Amino acid sequence: MSKTITGFSKLTKEEKIEWLANNFFTDVNDGIKTLNQYNNQSEKLQQLHDEFIENTISNFYVPYAIAPNFIINNKPYAIPMAIEESSVVAAASLVAKFWSTRGGFKTNVISTIKVGQVHFMFDGEYEDLKKYFNQIKEQLFAATKTITENMRKRGGGILDIELRNKTADLENYYQLHVTFETADSMGANFINSCLEAIAEAFKNDDIKIVMSILSNYVPECLVRAEVNCDIEDFFSENAEYYAQKFIQAVEIANVEPYRAVTHNKGIMNGIDAVVLATGNDFRAVAAGAHAYAARSGKYKSLTNAKIENGKFYFWIEIPLSLGTVGGLTKLHPLAKLSLEILQNPSAKELMQIIAVAGLAQNFAALKALTTTGIQKGHMKMHLMNILNQLEANLHEKEIVTKQLDGKTVSHNTVAAALHKLRT
Ligand code: MEV
């Protein structure tokens, strides 16, 4: 038996599983049973999933949930979230309700420009390169004409092609920095196809193309979401004290990267869950968001808070490159349903909804952290995971959940309660 293999992708699914089971599974039957349990019963649906990627042997589920009662620009939304982490959806739902009685969320899209670059090397005179670029620029647009035709009909296309001299950073390094408007699609394939056509038309004996690829850094594809209320509405008691404490928590994230990363991770709990549920690329969104958080040269909070004229304000500004057409958005049945639940938003509307999900999540985290701490709520939601780990049956779950109501939950307290019940 060998733990390496050639031609794995050529095997049938059954053969792949057999090879894997024989080489890596502790219990062959158990492992195969688990894989089969996660296979979809509908052959058609399973085939669809199999064809999303290569070497598929089963599916990996995450829970799919709804956070209702979000009011965004006076319109109600129920937000679908795909996430495995306890308490994220519960927190989103609570925050949605909280702000629904305080005017809801207000959002606007600031810009929708996306970027792609042709990276190349040239060791001649910059002035000569500039001259060549200016001569050929129209031809570069022309080279993408067939690719951009449909996009132009939808109001998108290439906005500009710019020559950038990067030789101060790396010897002989230049770029064609290309800006795009991609309407309701995220546009990754469109951008990459355009860039490759541009590179092909641009290259010559002196210009050595290194690569052509979109950038997931989209600081000009920016959305803003905000909540505000009179300070006295922020909390039933000591509202000003808690509002100040909340603002201090944001200020700490702005000066302390150790805290900022966790602060922004909490924001991404909300954002990624909706990005995933709508069939969008959460790795691209996360990479772009974190880079934006570090745009000043220091990694900072993606949210801001202030008190002004007796009012508490809390807002987020975040780059989000999203699509509501193309990619998996209409192909994955649950992604399609998520968009339906969100009332078939445009990409711009989806940017606003997802920014709200991030702001809401950060609000929940900071409110808990600056008051009771997060463990009480978190462990309450985590209780079911612990009970499942300890193989509690339905009856035991019910009794232990009741017994621990209002108490701080830990693995030990649950194990002790279960032990007592069983003996
Ligand atoms: C946990 O997934 C997220 C938090 O740690 C975020 C935060 O600390 O702001 C609660």
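Here the structure is a predicted model, which is why all the values come from computation and not from measurement.

Turning our attention to the sheet that holds strand β9 (residues 303-308). Ordered by their spatial adjacency, four strands build an open sheet running β3-β8-β10-β9, and the pairing between neighbours is antiparallel. Of all strands in the sheet, those bounded by a partner on one side alone are β3 (106-109) and β9. With direction set aside, neighbouring strand axes in the sheet form an average angle of 20 degrees. Bridge analysis of β9 against strand β10 (residues 311-319) gives six bridges, and the strand direction is antiparallel. Directly across from Thr 303, in β10, lies its bridge partner Ile 316. Along the sheet, helix α11 (residues 282-293) contacts β8 (222-230) and β10; its crossing angle with β10, the most-contacted strand, is approximately 120 degrees. With respect to the sheet, helix α13 (residues 347-369) is in contact with β3, β8, β9 and β10, its orientation differing from that of β8 by roughly 50 degrees.

To continue, consider the environment of Trp 19. Mapping Trp 19 onto the fold places it in helix α1 (residues 13-24). Along the backbone, Trp 19 and Lys 298 are 279 residues apart, and their C-alpha atoms lie at a distance of 48 Å.

Turning our eyes to something else, we now look at the side chain of Thr 56. On the secondary structure map, Thr 56 appears in the loop between α3 (43-50) and β1 (64-72). Judged by its relative accessible area of 11%, Thr 56 is buried. At 2.9 Å, the side chain of Thr 56 forms a polar contact with the backbone oxygen of Asp 50. Not counting the four nearest positions on each side in its chain, Thr 56 is found in contact with Lys 13, His 49 and Asp 50.

All right, on to the layout of surface pockets then. By volume, the largest pocket is sized at about 1300 Å³. Residue composition of the lining of the largest pocket, by class: 20 nonpolar, 16 polar and two charged. Roughly 1100 Å³ of volume is contained in the second largest pocket. In this structure, the second largest pocket is lined by 41 residues; those nearest its centre are Ser 87, Ala 368, Ile 374, Gly 377 and His 378. Among the secondary structure elements, those contributing two or more residues to the lining of the second largest pocket are α4 (88-100), α10 (257-277), α13 and α14 (375-389). No other element matches α13, which puts eight residues into the lining of the second largest pocket. Of the residues in the lining of the second largest pocket, the class split is 18 nonpolar, 15 polar and eight charged. Both domains that furnish three or more residues to the lining of the second largest pocket are identified here as domain 2 (64-111 + 219-371) and domain 4 (377-422).

Here we take up the packing of aromatic side chains. Taken as a whole, this structure holds 25 aromatic pairs when the rule is applied. For the ring pair Phe 180 and Phe 190, a centre distance of 6.0 Å and an interplane angle of 80 degrees mean the geometry is edge-to-face. Taken as a pair, Phe 180 in strand β6 (residues 173-181) and Phe 190 in helix α7 (residues 188-202) lie far apart in primary sequence, 10 residues in all. Residues Phe 180 and Phe 190 agree in their burial class; the two are buried. Taken together, a centroid distance of 5.0 Å and an interplanar angle of 75 degrees make the contact between Tyr 241 and Tyr 242 edge-to-face. Here a set of aromatic residues connected by ring pairs shows up, and it is made of Phe 98, Trp 99, Phe 234, Phe 235, Tyr 241, Tyr 242, Phe 246, Phe 312, Phe 314 and Phe 363. Across from the ring centre of Phe 24, 5.0 Å away, lies the NZ or CZ of Lys 3, which sits over that ring. The lysine or arginine in question, Arg 102, covers the ring of Phe 98, its NZ or CZ lying 3.6 Å from the ring centre.

This paragraph deals with the site of the ligand. Inspection of the region around the ligand gives Glu 85, Arg 259, Thr 262, His 263, Lys 265, Gly 266, Asn 269, Ala 365, Leu 369 and Ile 374 as its neighbouring residues. Asn 269 places a polar side-chain atom, nitrogen or oxygen, 2.9 Å from an oxygen atom of the ligand. When the ligand is considered free in solution it has 300 Å² of accessible area, and contact with the protein chains removes 84% of it. More than half of the atoms of the ligand fall within 2 Å of the grid points belonging to the second largest pocket. Going through the elements one at a time, α10 and α13 are the ones with two or more residues in the shell around the ligand.

The next thing to look at is helix α15 (residues 394-403). Since there are 3.6 residues in each turn of an α-helix, residues three or four apart along the chain are aligned in direction. Taken together, the buried positions of α15 are Glu 396, Lys 397 and Val 400. Projection of α15 onto a plane perpendicular to its axis shows the buried side chains occupying an angular sector of 100 degrees, all on one side. For α15, the exposed residues set more than 90 degrees away from the buried face come down to Leu 394, His 395, Glu 398 and Lys 402. Lining the buried residues of α15 we find α14 and α16 (411-422). Where α15 begins, the side chain of Asn 393 points an oxygen toward the backbone nitrogen of His 395, at a separation of 3.2 Å.

A separate point is the side chain of Thr 278. Mapped onto the secondary structure, Thr 278 falls in the loop between α10 and α11. Within the structure, Thr 278 has its side chain in polar contact with the backbone oxygen of Val 274 (distance 2.8 Å). The residues touching Thr 278, leaving out its near neighbours within four places in the chain, are Thr 329, Ala 335, Ser 338, Leu 339, Leu 342, Leu 350 and Ile 354.

About the criteria used
Residues numbered from 1 in each chain as written. Predicted model: local features only at pLDDT ≥ 70, side-chain atom pairs only at ≥ 80, totals over all residues. Heavy atoms only, no water. Pairing = 2+ DSSP bridges. Helix = DSSP H or I, 4+ residues; strand = E, 2+ residues; numbered from the N terminus. Axes fitted to C-alpha atoms, helices over the stretch in contact; angles between N-to-C directions. Contact = heavy atoms within 4.5 Å. Buried < 20%, exposed > 50% of the residue type's maximum accessible area, 1.4 Å probe, protein only. Polar contact = N/O pair within 3.5 Å; in protein donor to acceptor, adjacent residues only side chain to side chain. 1 Å grid on protein atoms, 1.4 Å probe; cavity = no way out; pocket = protein on both sides within 12 Å on 5 of 7 lines; lining within 4 Å. Points joined across faces, edges and corners; volume = space filled by probe spheres on them. Nonpolar A, V, L, I, M, F, W, Y, C, P; charged D, E, K, R; others polar. Domains from an automatic or database assignment. Phe/Tyr/Trp six-rings, centres within 6.5 Å; stacked < 30°, edge-to-face > 60°. Lys NZ or Arg CZ within 6 Å of the ring centre and 35° of its normal. Near = heavy atom within 4 Å. Areas by Shrake-Rupley, 256 points an atom, 1.4 Å probe, with all protein chains shown as cover. Sits in = over half its atoms within 2 Å of the grid points. Arc of directions from axis to C-beta.

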